[in-house]
Amino acid sequence: MYRARHRGAKVAENSTHGIRTDDPADIGRRVLRLRTKAGLTQKQLAEPAYTAAYISTLEAGKVRPSETALRHLAGRLGTTVEELTTGRPPHLATGLRMRLTDARRTLATGEAEDAAALFRALHDETAALGLVPEQASALQGLGDCALETGDLTDARDRFAEAEALLADEPLPRRVPALRGRATAHLLAGELRYSCYLLETAVDELNASGMHDPDALLLLYTASIAPYMDMGAHARAAHAAELALALAPQVDNPALVAGMHRGVARTLIAEGRIAEADASLAKAQELYQQLHIRTELAHCHWMRGYVHAQDGNLRKAESELRTARDMLASKRAALFTVQVEVELADVLRRRGKTAEAEDLLHPLLSPDALGAERGAVHAGGAHRLLGLIAEDRGDTDRAEEHYCAALSLLERTGAAGDLADLCRLLGDLLRRTGRTEAALDAYRTGLGHRAAPGTTTLGPAPTAPPQWPRP
């Protein structure tokens, strides 16, 4: 049963076809108005199943019609059960769903701010009319817009509102909103909680016997990124295997494209670079067909990451610049600055240090990246600035950046990035004669694992040096 919020009208707990209905007086007035408009007497409306006395009692608001009676009345009056019970004109929900599709298309091809304006208007209309599924869809759209613009708090709130509206619905209906909330937590650097949300939903789906391929594919695909960032490589690979097995049962090409994009990262970690690139090519082809520009930009982003991990820096730079330009044109602020961090890494490795540094410094302002907004990439930016400072011989400044990065990454639990950073910090401390501090940094790093595909930037780091036992 939906929990509709019908403003300005009394509503009852009784439902018809899952719709909260107005009180008997409202339904009676509606029947009277439509009967009079149709030119029918109470007897003509009642026959053959009911009596004129019953219609008189109903129109007086003294009895609530059963579902059978409502179907009879709707058929005789040339309307729908929904209009009789709620006052909504026929096909109203259909028109609103078409407008929701248009808003989704705007988000896919245009700017998030324009799409958000459409979703806000639709949210207000659907809330006033008590159309709960459509209201939840509008909230999910607002959440997705907030993800693009980088307002992660608003995104979490919107997705949580959608989940609350659908609280009485089966879990598969709530999965898109739940996945959106998990993504917002991931982008904020809350990797463990993101995993918790996704794993809990998967467990509930499997335990209930609700085998919904679309919902499961969405959840397994979404879990790959936080698993990889946390160093849970076996879990990420298992999620990728399950997603691949589900794909033939899914008709939604956008879900399948997202699966290919997620699986690519597990392939990188296994050293299967060519297969990872092929998987991304499949995703890119589907997104091009669907005209989803943001996701297409993410494919260029991931292909740049693949080339950077493989050491092909020229191709990496080209793909990352393409991704950055596409995301900037859509004003996808948070995604844009995250790509710029990875682009700066490639530029530094290509010897374009000044350009890399010019790109990085603005990214560490509170409006760009920080502890609660792209924390993993904020740590990556500090790491790169530390490397640049080391190259210039400014070890004090380098240490400051490495320590700032460590503070950010420790909160997220991003294992590969932490291992890489501890190696860099340990090497710096060792070179400056602080042996015990260097050993502490190496020991911290050895608690994590860095391998291809597990770090945000660059290739897998080398292992720390072997220290002789005293």
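Conventions we followed
Residues numbered from 1 in each chain as written. Predicted model: local features only at pLDDT ≥ 70, side-chain atom pairs only at ≥ 80, totals over all residues. Heavy atoms only, no water. Helix = DSSP H or I, 4+ residues; strand = E, 2+ residues; numbered from the N terminus. Buried < 20%, exposed > 50% of the residue type's maximum accessible area, 1.4 Å probe, protein only. Contact = heavy atoms within 4.5 Å. Areas by Shrake-Rupley, 256 points an atom, 1.4 Å probe, with all protein chains shown as cover. UniProt positions renumbered as here; feature names shortened; annotations may be inferred. Salt bridge = Lys/Arg side-chain N within 4 Å of Asp/Glu carboxyl O. Lys, Arg positive; Asp, Glu negative; His and termini not counted. Core = buried A, V, L, I, M, F, W, Y, C linked by side-chain atoms within 4.5 Å. Domains from an automatic or database assignment. Expected span 1.5 Å × (residues − 1). Phe/Tyr/Trp six-rings, centres within 6.5 Å; stacked < 30°, edge-to-face > 60°. pLDDT = per-residue confidence, 0-100. Polar contact = N/O pair within 3.5 Å; in protein donor to acceptor, adjacent residues only side chain to side chain. Axes fitted to C-alpha atoms, helices over the stretch in contact; angles between N-to-C directions. Parallel < 35°, antiparallel > 145°, perpendicular 65-115°, else oblique. Nonpolar A, V, L, I, M, F, W, Y, C, P; charged D, E, K, R; others polar.

Looking at an unreviewed UniProt entry, one finds the protein named Helix-turn-helix domain-containing protein, with Streptomyces morookaense as its source organism.

Before going further, it helps to examine the overall build of the protein. When helices and strands are tallied, the protein shows 23 helices and two strands. A burial count over the protein gives 54% of its 470 residues as buried. Taking the contacts inside the protein whose residues are at least 6 apart along the sequence as the reference set, 61% of them involve residues at least 24 apart. For the protein, the computed accessible surface area is about 20,500 Å², with 51% contributed by carbon and sulfur atoms.

With that out of the way, let us pick up the UniProt feature "coiled-coil region" (unreviewed entry) in the protein. Feature annotation in UniProt assigns "coiled-coil region" (unreviewed entry) to the following positions: residues 273-333. Taken as a whole, residues 273-333 contains 89% helix and 0% strand, while its terminal C-alpha atoms sit 29 Å from one another.

Moving on, we come to the pattern of salt bridges. Applying the stated criterion across every chain, the model contains 37 salt bridges. Between R321 and E317 there is a salt bridge; the shortest N-O distance is 2.9 Å. One end of the pair is R321 and the other is E317, both in helix α17 (residues 313-329) and four residues apart, which spans about a single turn.

By secondary structure assignment, the location of R156 is in helix α9 (residues 152-165). Of the side chains bearing the opposite charge, E190 lies closest to the buried R156, which forms no salt bridge; the N-O distance is 4.5 Å. If we skip the residues at most four places from it in the chain, R156 touches R181, A184, H185, A188 and E190.

Quick look at the nonpolar core now. By size, the foremost hydrophobic cluster in this structure holds 108 residues, and its most contacted members are L219, L360 and Y402. With ten residues, helix α12 (residues 213-230) is the largest single contributor of residues to this core. Mapping this core onto the domain boundaries places at least three of its residues in each of domain 2 (91-169) and domain 3 (351-449). Apart from the residues within four sequence positions on either side, L360 is in contact with V341, A344, A381, L384, L385 and I388. Ranked by size, the runner-up nonpolar core spans 14 residues in total, among them A93, A112, A115 and L142.

A separate point is the domain arrangement of the protein. When the domains of the protein are assigned, the result is domain 1 (24-86), domain 2 (91-169) and domain 3 (351-449). Each of domain 1 and domain 3 has a C-alpha centre, and these two points are 73 Å apart.

The end-to-end C-alpha separation of helix α16 (residues 293-310) is 26 Å, in line with the 26 Å expected for 18 residues at 1.5 Å each. The element α16 is extensively covered by neighbouring structure, given that 15 of its 18 residues are classed as buried. Downstream of α16 by a residue or two, G311 has a phi angle that is positive, lying close to 85 degrees.

Evaluated as defined, the whole model comprises three aromatic pairs. Where Y50 meets Y54, the ring centres are 5.2 Å apart and the plane angle is 20 degrees; that geometry is what we call stacked.

The subject of this paragraph is helix α20 (residues 375-391). Spanning 17 residues, α20 covers 25 Å between terminal C-alpha atoms, matching the ideal 24 Å at 1.5 Å per step. Of all 17 residues that make up α20, 16 are buried, and the element is covered over most of its length. Note on α20: the residue one or two positions beyond its end, G393, has a positive phi of about 85 degrees.

The pLDDT averaged across the protein works out to 86; a share of 90% of its residues lies at or above 70. Within the protein, no element has a lower average pLDDT than strand β1 (residues 11-16), which sits at 40, and none a higher one than α9, at 96. Predicted confidence for residues 460-470 stays below pLDDT 50, and this span has 17 contacts to residues more than four positions away or in other chains.

A separate point is the environment of S318. Mapped onto the elements, S318 comes out in helix α17. Given the relative accessible area of 43%, S318 is considered partly exposed. Expressed as a C-alpha distance, the spacing of S318 and H300, which sit 18 residues apart in the sequence, is 9.0 Å.

This part is about the UniProt feature "domain: HTH cro/C1-type" (unreviewed entry) in the protein. Within this structure's numbering, the places UniProt gives as "domain: HTH cro/C1-type" (unreviewed entry) are residues 31-84. Between the C-alpha atoms that bound residues 31-84 there is a distance of 7 Å. The span itself is 67% helix and 0% strand.

Of note, R373 is situated in the loop between α19 (353-360) and α20. D151 provides the closest opposite charge to the buried, unpaired R373, separated from it by 7.0 Å. At 2.5 Å, the side chain of R373 forms a polar contact with the backbone oxygen of A368. Beyond its immediate stretch of four places on either side in the chain, R373 contacts T149, G150, L152, L187, A188, A333, L334, D367 and A368.

Before going further, it helps to examine the packing of helix α14 (residues 253-269) against α16. Orientation of α14 relative to α16, taken along the N-to-C sense of each, is 5 degrees, at an axis distance of 11 Å. Taken together, the axes of α14 and α16 are roughly parallel relative to one another. On α16, the residues that touch R261, R265 and I268 of α14 are E295, H298, C299, M302, Y305, V306 and Q309. Looking at the contact of α14 with α16 residue by residue, the class counts come to five nonpolar, two polar and three charged.

Peptide bonds are trans in most cases, and residues, glycine excluded, mostly fall at negative phi. For the bond from E47 to P48, the omega torsion is 0 degrees, close enough to zero to count as cis. Tracing the sequence through the fold places P48 in the loop between α2 (42-46) and α3 (52-59). The backbone of H291 shows a phi angle near 60 degrees, a positive value even though the residue is not glycine. Assignment of secondary structure puts H291 in the loop between α15 (273-290) and α16.

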